[in-house]
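This is what each chain is made of:
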Amino acid sequence: MHRRYDKQLFAHKIELIKNRMPDAFIGIDVIVGFPGETEEDFRTTYDFLAGLEPAFLHIFPFSERPGTPAV
């Protein structure tokens, strides 16, 4: 999705927040089912997010949006 960060930076920021604010409620939005996503891709994402131990996950399926690169 052409984000300006990678998963290492994302994990680092979560760690910083948890160290400074141990009671922070951290929620993460996750889109699943991108075209071409494999079971291995899904498992990699699942394991990564599980390791972050967020308080909340908002999981929703990919939906096509006309004119977007993913379509």
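None of the values given here were measured: they were computed from a predicted structure.

Thresholds, definitions, all that
The residue numbers shown here count from 1 along each chain, following its written sequence. Where local features are concerned, this predicted model is filtered to residues with pLDDT of at least 70; where side-chain atom pairs are given and counted, the filter is 80 or more; whole-chain, interface and lining totals use all residues. Excluding hydrogens and water, the side-chain figures rest on all heavy atoms present in the structure. Strand pairing is assigned whenever DSSP identifies at least 2 bridges connecting the two strands. Put simply, DSSP H or I for four residues or longer makes a helix, DSSP E for two residues or longer makes a strand, and each gets a number counted from the N terminus. Handedness of a crossover: with both strands directed away from the viewer, a clockwise path from the first strand across the helix to the second marks it as right-handed. Residue types Ala, Val, Leu, Ile, Met, Phe, Trp, Tyr and Cys, when buried and joined through side-chain atoms within 4.5 Å, form a set referred to as a nonpolar core. Throughout, exposure labels follow a simple rule: accessible area from a 1.4 Å probe, protein chains only, divided by the maximum for the residue type, with under 20% read as buried, over 50% as exposed, and the rest as partly exposed. Here, two residues are considered to be in contact whenever any of their heavy atoms come within 4.5 Å of each other. Geometry of aromatic contacts follows a simple scheme: Phe, Tyr and Trp rings, the Trp one being its six-membered ring, pair when their centres are within 6.5 Å, and the pair is stacked under 30 degrees between planes, edge-to-face over 60, tilted otherwise.

**Describing the pairing of strand β1 (residues 27–32)**
And then number 1: Inspection of the sheet shows β1 paired to strand β2 (residues 56–61) by six bridges, in the parallel sense. Paired with I31 across the two strands is F60, which belongs to β2.
And then number 2: Taken together, β1, helix α2 (residues 39–52) and β2 constitute a β-α-β crossover, and its handedness is right-handed.

**Here we look at unusual backbone geometry**
And then number 1: The backbone of E53 sits at a positive phi, close to 50°, despite the residue not being glycine.
And then number 2: Mapped onto the elements of the fold, E53 is located in the loop between α2 and β2.

**Side note on the nonpolar core**
And then number 1: In terms of nonpolar packing, the biggest core is built from six residues, these being I14, I26, I28, V30, L49 and L52.
And then number 2: Elements supplying a minimum of two residues to this core: β1 and α2.
And then number 3: Contact partners of I28, with chain neighbours within four places excluded, come to F10, L49, L52, P54, F56, L57 and H58.

**Remarks on the packing of aromatic side chains**
And then number 1: Tallying each qualifying case throughout the model produces five aromatic pairs.
And then number 2: When the centroid spacing of 6.0 Å and the interplanar angle of 25° are considered together, the rings of Y5 and F10 count as stacked.
And then number 3: According to the relative accessible area criterion, Y5 is partly exposed, its value standing at 42%.
And then number 4: A centroid spacing of 5.1 Å and a plane angle of 40° characterise the contact between F34 and F62, whose relative ring orientation is tilted. Of the two residues, F34 sits in the loop between β1 and α2 while F62 sits in the segment after β2, which places them 28 residues apart along the sequence.
And then number 5: Residue F34 is classed as partly exposed on the basis of its relative accessible area, which comes to 26%.
And then number 6: Among the aromatic residues, those joined into a ring-pair cluster are Y5, F10 and F48.

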